[in-house]
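Notes for the structure review
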Amino acid sequence: MKMKSFLILVLTLVLAGCANEELETLGGGGGSSPGVSSGQTVLFSNNTAVTIGDTDGVRTRAMGWTAEVTDKVNDACWLAMDVKPDRPSNSVYIKSGQTVVYNKYEGNVDKHIFVDGTLVLNENYKAGAGFIYINEGGKLIVNTERLVSINVFNYGGEIEFAKKDLYVGKTTLRTVSDLDIEGKVTMESGYVYVGGNFMCAELVVNKDSRLRVEGDLNLTDDKGESEFGDVAHVCVEGALYARYLDLEESTNVHVGCKLQVAKKLELEDCCELTAEYIKSSKTEISGATVILREGGLADLGDLCYEYSRESALLFKVMGSGKAMITCNECELKGTYSLKDAIGSNFYFNYEKFYVYVTNKKGNWKEEVACPGMTSDGCKVEIGTTLVNVATPNDYVEGGCNPGFTPDEVDPEPEPEPEPDPEPGISDDIELQIPTEIEREWFAEADDFAIRVNGRYEEEIILEGNATTLHGVKISESNLKVTLSGIENLSSGDEYTYELWVWVEEESWNTFTDAERKAWVSGDGDGTDITEKCTVIAPEGYSVRKNVYAGLGGQKDTPYIKVSIHVVRD
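All values derive from a computational prediction rather than experimental measurement. (Residues numbered from 1 in each chain as written. Predicted model: local features only at pLDDT ≥ 70, side-chain atom pairs only at ≥ 80, totals over all residues. Heavy atoms only, no water.)

We now examine the sheet that holds strand β8 (residues 118-122). Overall, parallel pairing links the four strands, which are arranged β6-β8-β10-β13 in an open sheet. What marks the edges here is a single partner per strand, and that holds for β6 (99-102) and β13 (158-161). Along the sheet, successive strands turn relative to each other by an average axial angle of 15°, direction set aside. One ladder, built from five bridges, connects β8 with strand β10 (residues 139-143); its direction is parallel. Considered in β10, the bridge of Leu119 is made with Leu140. (Pairing = 2+ DSSP bridges. Helix = DSSP H or I, 4+ residues; strand = E, 2+ residues; numbered from the N terminus. Axes fitted to C-alpha atoms, helices over the stretch in contact; angles between N-to-C directions.)

Taken as a whole and assessed by the stated rule, the structure comprises two disulfides. A sulfur-sulfur distance of 2.2 Å marks the disulfide that ties Cys77 to Cys235. Measuring the twist about the S-S bond at about 100°, one finds the Cys77-Cys235 disulfide to be right-handed. Of the two residues, Cys77 is situated in the loop between β4 (66-67) and β5 (92-94) and Cys235 in strand β24 (residues 233-236); the sequence distance between them amounts to 158 residues. Considered together, Cys77 and Cys235 belong to a single accessibility category, that of buried residues. Considering cysteine sulfurs only, Cys330 is the nearest to Cys304, which forms no disulfide, with 8.5 Å between them. A residue is classified by how much of its surface remains accessible, and Cys304, at 18% relative accessible area, is buried. Summary of cysteine pairing: Cys330 is not part of a disulfide, and the nearest cysteine sulfur, belonging to Cys327, is at 4.5 Å. (Disulfide = S-S within 2.5 Å. Buried < 20%, exposed > 50% of the residue type's maximum accessible area, 1.4 Å probe, protein only.)

Looking now at the packing of aromatic side chains. Inspection of every chain in the model, using the stated rule, returns 10 aromatic pairs. Taken together, a centroid distance of 6.0 Å and an interplanar angle of 35° make the contact between Phe348 and Tyr350 tilted. Across the pair, exposure class does not vary: Phe348 and Tyr350 are buried alike. For the pair Tyr350 and Phe353, a centre-to-centre distance of 5.3 Å together with 70° between the ring planes defines the contact as edge-to-face. Phe353 matches Tyr350 in its accessibility class, with the two residues each being buried. Lys365 extends its terminal NZ or CZ atom over the ring of Tyr354, reaching a point 4.5 Å from the ring centre. (Phe/Tyr/Trp six-rings, centres within 6.5 Å; stacked < 30°, edge-to-face > 60°. Lys NZ or Arg CZ within 6 Å of the ring centre and 35° of its normal.)

A word on the sheet that holds strand β36 (residues 372-373). As a general point, the strands of a sheet are linked pairwise by backbone hydrogen bonds and lie either parallel or antiparallel. Spatially, three strands are ordered β33-β37-β36 in an open sheet, and the strand pairing comes out mixed. Strand pairing shows two members of the sheet lacking a second neighbour, β33 (337-338) and β36, which therefore form its edges.

Let's shift gears to the pairing of strand β26 (residues 252-267). Burial of β26 is extensive: 13 of the 16 residues sit out of reach of the surface. Bridge count between β24 and β26: four bridges; the pairing is parallel. The residue bridging Val234 from the neighbouring strand is Val253, located in β26. With eight bridges connecting them, β26 and strand β27 (residues 271-280) associate as parallel partners. Bridge pairing links Asn252 to Glu272 in β27. Taken together, the three bridges between β26 and strand β28 (residues 282-285) define a ladder with parallel strand orientation. What sits directly across from Leu267, in β28, is Ile285.

The next subject is unusual backbone geometry. A cis geometry characterises the amide bond from Cys370 onward to Pro371, with omega recorded as 0°. Structurally, the position occupied by Pro371 is in the loop between β35 (362-368) and β36. Unlike most non-glycine residues, Ser189 shows phi in positive territory, near 55°. Position of Ser189 among the secondary structure elements: in the loop between β17 (184-188) and β18 (191-194). Of note in this structure, Ser250 is not a glycine but carries a positive phi near 65°. Position of Ser250 relative to the elements: it lies in the loop between β25 (240-247) and β26. Assessed through its relative accessible area of 35%, Ser250 is described here as partly exposed.

Moving on, we get to the nonpolar core. Ranked by internal contacts, the top residues of the largest apolar core, which has 84 residues, are Phe198, Phe228, Leu338, Phe348 and Phe353. The contacts of Leu338, once residues within four sequence positions are left out, are Tyr305, Leu313, Cys330, Leu332, Phe348, Phe353, Glu381, Ile382 and Gly383. In this structure, Ile429, Tyr495, Ile529 and Val547 belong to the second largest nonpolar core, which totals 26 residues. (Core = buried A, V, L, I, M, F, W, Y, C linked by side-chain atoms within 4.5 Å. Contact = heavy atoms within 4.5 Å.)

What follows covers the side chain of Asn103. As for its placement among the helices and strands, Asn103 is situated in the loop between β6 and β7 (113-115). One polar contact links the side chain of Asn103 to the main-chain amide nitrogen of Tyr105, over a distance of 2.8 Å. A polar contact of 2.8 Å, which involves the side chain of Asn103, links it to the backbone nitrogen of Glu106. Among residues more than four places away in sequence, those in contact with Asn103 are Asn122, Glu123, Asn124, Tyr125 and Lys126. (Polar contact = N/O pair within 3.5 Å; in protein donor to acceptor, adjacent residues only side chain to side chain.)

Limitation: the analysis is restricted to geometry and does not speak to function.
Okay, here's the thing in structure tokens:
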């Protein structure tokens, strides 16, 4: 018998127009949940409890999205100066005091060139397989706007750019010192390393280029927009200053100190940004991954997030601590939820929060609370409870990250532990689910919700000191769900307990063709297996059930959703 490891993801309730509550397809995410300890039973504040399976095989899992702590965040962060080679006998040597000009008629970079004097590269120079090495005291004058198919290494000399703009194509340019260019720099399939600061008016990094700046990167143009895109990697160890900055699809940018954008920062689908501190007057996001170091702060100004089918927005913390996101106005388009985007390891501050409501009456921009509810009854959600309970610290000039200070709160008194029920008093409901898959399964369980008379109840939460829902053991072909303590329910109200059991994506690949076919035999996305399940309940209760085996994520993550509806007579 094979052993499979299952994972129950954090509850993510996506209300598409607030419809289809019973068979909602859910995605994993960084939702929040109170801290939990070992065990397999959840005690709710209405004195009811849910038990899943047995107590064996219990594991714990941190909530929220995290990233590995590393300084080598992307491929550009590995760029460095090569060790200066010795000058071979067949190389070209420009001695101190000597000036040599290369153009379309004279000179060919087909051999390595060592410069102690001055080398001038004019328009249409003849590129070759040779490298240019500028020694301390040497000088390279770039009298052309195009560096193409050439390799330049500056080991302490000087590089002078005679033209305003510069194009770097299929070229390696590495210097231990600062790089200062008056106009626009465009990189295409270029590799540039700057050992000091890099300043230019505008910067475009495209076509799998790599740029690493050991100091600061300062983009000075007040009107032009700098763009990083097309699988480019940029690594700035210091600060990055820009007026307008657009990180396009599949770009990876790391800023070791701070990213400061005076006008507008755009983060497009599938791009990734890592920083310690982000400061932007206006931020537009379609789909991106933003990673802050623990203790980091993202001050995004007026934030607009427009939902994209191509790429999900996701904020992560590099490390095990917390970080903070703050904005003046937050505006959501195409979604009401930040539940998958911002997890429990983030503080989130906002002054005003807006969503675009669309229904039969039309569509309009509406101010709401987060978390909260729209005027037509749809939930506005976020994956953290730490909303407007921290304050960003004042930035100190010359520093990197001002950080933030959580608000002081009075500690809550420890609640009295719930007494164990006397034997024979507690009423239990047991639901058994046949899976028809011959395996023994292990899973965690922290994915649940409660509805009272059809409405989700946020106040029914985990008690902080309770033994909690944290382990599922499914043996052979059956999953057993136990609902206990139902004698505490009010008479006449309908309580619906919902559970989602998720399977790790890798497990789907081990299913046989017959198992796959059976799993989605109902509507193509899953199968209603309610009638195959059995429920045992004591007298005095009306009980019904809904059980659905479906596929979530990218149609490659099997799950089972269980709904137990209980009315005490």
